[in-house]
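The primary structure of each chain is shown beneath.
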Amino acid sequence: MLFELRDVSLVRGGRRVLDSVGADIPEGATAVVGPSGAGKSTLLRLLNRLADPDSGSISYRGRPLDSYDPLALRRRVALVPQLPALLEGTVGSNLAYAAQLAGKRSDAGRCLRLAGLDPGFAGRDVAKLSVGERQRAMLGRALAQEPEVLLLDEPTSALDHEARDAIEATLADLRRELEISIVLVSHDPEQARRLGEWVVRMEDGRVAECGPLAEVLA
Amino acid sequence: MSTSIHVSAGQVAATLALVALAAAVSFWRKADLERDIGIAALRSFIQLTAIGYVIKLIFEADTLALVFALLAVMVVFGALTARSRAKKVPDAFWPLLVALAVAGASTLGLVVALGVFEATARYLVPVGGMVIGNAMTASAVALNRLGDEMADSRERIEATLALGATAQEAAAPTVRRALRSGMITLVDSTKTTGLIFFPGTMVGMLLAGANPTDAVRLQLILLYTLLGSVAIAALVATTLAYRNFFTAAQQLREMDAEAPA
């Protein structure tokens, strides 16, 4: 099992954001779906220890998550946040920084191609990119770390239909080419149908259903 | 440099005419500051008179223990005042206290070690007061900016943490901007000093009848000393304070939940 969550709870600002969440997330492509405010993004942030639960346990490939060094874990389990937030500079310098943190040699051209961007983007100033291009640059930056798992928080929420379809095609290609596991948060059940093999459906901080796509989103 | 003049209470009272003028301007243009102007005039009178007696006492006793006690009180009040301007920084008091103490101790220690001033109450009290006062302003501005920048750059900082960067690496651009804003005011005013404004020490010495060359030299000494102390204060305050935004597991703290302290 990629991730196992048992009885995971988290309170933020007096609100129980996650309430006794239990779920299994296998290798492959998993979609976490549910209405906004259901706790999907918070759940995703727990998976690479950007936050820790107040109670309960999470394991990654059979080992408790809190036994991993958070920095080393984050370089293996990459999270691409909902809002693109690149560092000042060029796309290439962002990729090089991420690769250097992970101790990898950055092949910027390849990472950009995988993220659906022309390698010529490496020299572009991030401040001059469109939202869609930034989102792809974020994806390319995460790939520069050669992670084992990609956590994607609403990767297409800020995009129009055309750009959304292009990112979804990119993600499907990534699954084929890199055999990387993906956990994708989406408010859109249709996107989960297109990309997920396994689905975790959340409601009000709880897991309503968890299982193969065909069973949960029949 | 040992000049001395006598200023009568009557002369001080006469300048109240200008305070009245300020209040009149406020009343006329409905700036609603008359009350504050009155409080400011009264408070400055009481505070300066009181500190005047304290300094007189310390000068007469001329023991270093009393000097350090006075400077320590200034550091604590400075940190408390600066904290109120850095509300978005969690637990800002301790970084500020350390920043003011280190800035005061190191710059005073250095000017004494370099033989610029003697280690006596007559020099340490006024120079220490200026050093701590300027260090307070600089660290308050730096932490105020740090709080704003940390709030504005939350997404970027967390996205950088998500790459496996340490809190220090993720916050570095933010801390750099905060440090810069803490130092820039004094750097800019030092650039224009003598052209656009005459600094206080020089004005005071000229009024007291000192030779202009002496007045300029003393002013330069103080300006250079202040540059050093302001840099140290802003550096120590930002270096200690940014950590309060992160947990030991290199996570960004939830500020909304913890803000009311």
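Residues numbered from 1 in each chain as written. Chains lettered and ligands numbered in written order. Predicted model: local features only at pLDDT ≥ 70, side-chain atom pairs only at ≥ 80, totals over all residues. Heavy atoms only, no water.

## Comments concerning the overall build of chain B
To be explicit about the condition: Put simply, DSSP marks the helices as runs of H or I at least four residues long and the strands as runs of E at least two long, and each gets a number from the N terminus on. When accessible area is computed with a 1.4 Å probe and restricted to protein chains, residues below 20% of their type maximum are described as buried, those above 50% as exposed, and intermediate ones as partly exposed. Contacts between residues were defined by any pair of non-hydrogen atoms, one from each residue, lying within 4.5 Å. Only the protein chains shown count as cover for residues, with accessible areas throughout obtained via the Shrake-Rupley method and a probe of 1.4 Å. Charge counting treats Lys and Arg as positive and Asp and Glu as negative, with His and both chain ends excluded. Lys charges are placed at NZ, Arg charges at CZ, Asp charges at CG and Glu charges at CD.
The secondary structure content of chain B amounts to eleven helices and zero strands. Going residue by residue from the N terminus, the α and β elements of chain B occur as α-α-α-α-α-α-α-α-α-α-α. The principal-axis extent of the C-alpha atoms belonging to chain B is close to 65 × 55 × 35 Å. Looking at chain B residue by residue over its 261 residues, the buried ones come to 35%. Nonlocal contacts in chain B, meaning residues at least 24 apart in sequence, comprise 71% of its contacts between residues at least 6 apart. Carbon and sulfur atoms make up 66% of the accessible area of chain B, which amounts to about 14,600 Å² in all. Charge-centre separation for chain B: the mean point of 20 positive side chains lies 4 Å from the mean point of 18 negative side chains.

## Points about the sheet that holds strand 1 (residues 3-12) of chain A
Residue and element names in this part refer to chain A. Operational definition: Two strands form a pair only when DSSP identifies at least two bridges running between them. For every element, the axis is a line fit to its C-alpha atoms; helices are fit only across the contacting stretch, and the angle between N-to-C directions ranges from 0 to 180 degrees.
Strand order across the open sheet formed by four strands is 2-1-4-5, with antiparallel pairing between neighbours. If you trace the sheet from one side to the other, it starts and ends with strand 2 (15-25) and strand 5 (63-64), each paired once. Pairing between strand 1 and strand 4 (residues 55-60): five bridges, direction antiparallel. Across the sheet, Ser 9 pairs through a bridge with Ser 55, a residue of strand 4. Across the sheet, helix 1 (residues 40-47) touches strand 1, strand 2 and strand 4, and the angle it forms with strand 2 is around 60°.

## A word on the interface of chain B and chain A
The criterion, for reference: Summed over both partners, the accessible surface that disappears when two parts come together, traced with a 1.4 Å probe, is what is meant by buried area. For salt bridges, the criterion is a side-chain nitrogen of Lys or Arg within 4 Å of an Asp or Glu carboxyl oxygen. We call two N or O atoms a polar contact when they sit within 3.5 Å, provided that within protein one can donate a hydrogen and the other can accept it, with sequence-adjacent residues counted only if both atoms are side-chain atoms.
Contacts between chain B and chain A engage 18 residues on the former and 25 residues on the latter. Each partner contributes to the roughly 1,900 Å² buried at the junction of chain B and chain A, and carbon and sulfur atoms together form 56% of this total. Taken together, chain B and chain A are joined by five salt bridges. Between Glu254(B) and Arg12(A) there is a salt bridge, with the nearest N and O atoms lying 3.6 Å from each other. The interface formed by chain B and chain A holds eight residue pairs in polar contact (both at pLDDT 80 or more) in total. Of all the secondary-structure elements, those providing two or more residues to the side of chain B that touches chain A are helix 7 (154-161) and helix 8 (167-192) of chain B.

## Some thoughts on the side chain of Glu168(A)
All names here are of chain A. As for its position among the elements, Glu 168 is in helix 6 (residues 161-178). At 2.6 Å, the side chain of Glu 168 forms a polar contact with the side chain of Arg 194. Apart from residues lying up to four places away in sequence, Glu 168 is in contact with Gln 191, Arg 194 and Leu 195.

## Focus: the sheet that holds strand 8 (residues 181-186) of chain A
Residue and element names in this part refer to chain A. One open sheet accounts for six strands, arranged 6-7-8-3-9-10; its pairing is mixed. At either margin of the open sheet sits one strand with a lone partner, and together these are strand 6 (77-80) and strand 10 (206-212). Within this sheet the neighbouring strands show an average axis-to-axis angle of 15°, counted without direction. With five bridges joining them, strand 7 (residues 149-153) and strand 8 adopt parallel strand pairing. From the neighbouring strand, Leu 150 faces strand 8, where its bridge partner is Ile 182. Helix-sheet contacts for helix 1 involve strand 3 (29-33), strand 6, strand 7, strand 8 and strand 9 (198-203), and the interaxial angle to strand 8 is about 155°. With respect to the sheet, helix 6 is in contact with strand 3, strand 7 and strand 8, its orientation differing from that of strand 8 by roughly 160°.

Take it as geometry only, folks, not as evidence of what the structure does.
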